[in-house]
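# Structural description and commentary
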Amino acid sequence: MRISDAAAAAGTTPRALRFYEQRGLLPPPDRTAGGQRRYGPAEVRRVRTIRMLLSMGLTVEDLRLCADRLHLLDENDGPPPSPRACGRGSGVARRRLDALDAEIARLTGQRERLAARVGLVPQD
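Residues numbered from 1 in each chain as written. Predicted model: local features only at pLDDT ≥ 70, side-chain atom pairs only at ≥ 80, totals over all residues. Heavy atoms only, no water.

Per an unreviewed UniProt entry, the chain goes by the name MerR family transcriptional regulator and belongs to Actinomadura decatromicini.

Written out as C-alpha cells, the structure is:
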C-alpha cells in the first residue's frame, strides 16, 4: 500500500511515517519502480506499536535505543511481548518508569502543599 494508505491504517500521517523512517524506528520501505514507498501489514503494525509506546511516555530517542527489538512488541495475536523488547535488556522502559515515578512523586507533593495552603487538608 502507498504511504497515505499505510498512514491512514496506522492512524497517523505520511509525514510521521517519513519521520519514523528518518529516525531509524521504521526500516526503509520497499519502493515501486517509480520510487514511491510501499508498505505492508507488518509496517502498519510497527507504526501502531511506535505510536502506542510514544503515547505511554517513551520518547523517540528511547525507541531509537531499542529500534532493533520493536518488532517484539508489535501488536499481534501471538504470545505476550517479550521483556527483551524495550524492557530488561536495554533499560529503556525502566528508566522511563523511574522518571514517571519521580514526576508522580513531585506532583503529589505539589498537590499536598497546595491543598494544605488553601486549607483543604490538615497540615502535618
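Anyway, onward from the coordinates.
## Points about a nonpolar patch on the surface
To be explicit about the condition: What goes into a patch is any residue over 30% in relative accessible area without a salt bridge, connected to like charges within 9 Å or, for nonpolar side chains (Val, Leu, Ile, Met, Phe, Trp, Tyr), within 5 Å. Exposure was quantified through the Shrake-Rupley algorithm and a 1.4 Å probe, taking into account, for residues, occlusion by the shown protein chains and nothing else. For this document, the term salt bridge refers to a Lys or Arg side-chain nitrogen within 4 Å of an Asp or Glu carboxyl oxygen. Strands here are runs of E lasting at least two residues and helices are runs of H or I lasting at least four, both read from the DSSP assignment and numbered beginning at the N terminus. Partly exposed residues are those whose accessible area sits between 20% and 50% of the maximum for their type, while under 20% is buried and over 50% is exposed, using a 1.4 Å probe and protein chains only.
Residues L114, V118, L120 and V121 make up a contiguous nonpolar surface patch of roughly 400 Å² in combined accessible area. With respect to the secondary-structure elements, L120 resides in the segment after α5 (92–117). For L120, a relative accessible area of 68% translates into the label exposed.

## Notes on the packing of helix α1 (residues 3–10) against helix α3 (residues 41–55)
To be explicit about the condition: Every axis corresponds to a line fitted to the C-alpha atoms, with the helix fit spanning only the stretch in contact, and the corresponding angles, defined between N-to-C directions, vary from 0 to 180 degrees. Put simply, angles under 35 degrees are roughly parallel, angles over 145 are roughly antiparallel, angles from 65 to 115 are roughly perpendicular, and the rest are oblique. Helix crossings are classified by the rotation of the near helix relative to the far one: an anticlockwise turn of less than a right angle makes the crossing left-handed, while a clockwise turn makes it right-handed. Throughout, a residue-residue contact means that at least one pair of heavy atoms, one from each residue, lies within 4.5 Å. Gly counts as polar in this scheme, as do all residues outside two lists: the nonpolar Ala, Val, Leu, Ile, Met, Phe, Trp, Tyr, Cys and Pro, and the charged Asp, Glu, Lys and Arg.
The interhelical angle for the contact between α1 and α3, taken along N-to-C directions, is 50°, at an axis separation of 9 Å. Taken together, the axis directions place α1 and α3 in an arrangement best described as oblique. The handedness of the crossing between α1 and α3 is right-handed. Taking contact as the criterion, the partners of A6, A9 and A10 in α1 are, on α3, V44, V47, R48 and R51. Split by residue class, the contact of α1 with α3 holds 5 nonpolar, no polar and 2 charged.

## Things to note about the pattern of salt bridges
Between side chains of opposite charge, pairing is possible as soon as their charged atoms come close. Using the criterion set out here, one finds 6 salt bridges in the structure. For the salt bridge of R37 with E21, the shortest nitrogen-to-oxygen distance reads 2.9 Å. In this pair, R37 is assigned in strand β2 (residues 37–38) and E21 in helix α2 (residues 14–22), connecting sequence segments 16 residues apart. For E21, a relative accessible area of 17% corresponds to the buried category. A salt bridge links D62 to R96; its shortest N-O distance comes to 2.9 Å. Here D62 is found in helix α4 (residues 60–65), whereas its partner R96 is found in helix α5, with 34 residues between them in sequence. On the basis of relative accessible area, R96 is assigned to the partly exposed category, the value being 23%.

## Topic: the nonpolar core
What counts, and what does not: Grouping buried Ala, Val, Leu, Ile, Met, Phe, Trp, Tyr and Cys residues that are joined through side-chain atoms within 4.5 Å yields what is termed a nonpolar core.
The biggest cluster of nonpolar side chains holds 22 residues, and the ones touching the most others in it are L17, Y20, L25, L63 and L70. Mapped onto this core, the elements with two or more residues apiece are α1, α2, α3 and α4.

## Some thoughts on the side chain of D62
This is how the line gets drawn: By the criterion applied in these results, polar contacts are pairs of N or O atoms within 3.5 Å in which, for protein atoms, one can donate a hydrogen and the other can accept it, and in which residues neighboring in sequence qualify only through two side-chain atoms.
For D62, a relative accessible area of 10% puts it in the buried group. Here the side chain of D62 touches T59 through a polar contact of 2.9 Å, landing on its backbone nitrogen. Excluding residues that lie within four positions of it along the chain, D62 makes contacts with G57, V92 and R96.

## Brief notes about the environment of D74
Mapped onto the elements of the fold, D74 is located in the loop between α4 and α5. Separated by 26 residues in the primary sequence, D74 and R48 have C-alpha atoms spaced 7.8 Å apart. Once you skip the residues sitting within four places of it in the chain, D74 turns out to touch A42, R45, R46 and T49.

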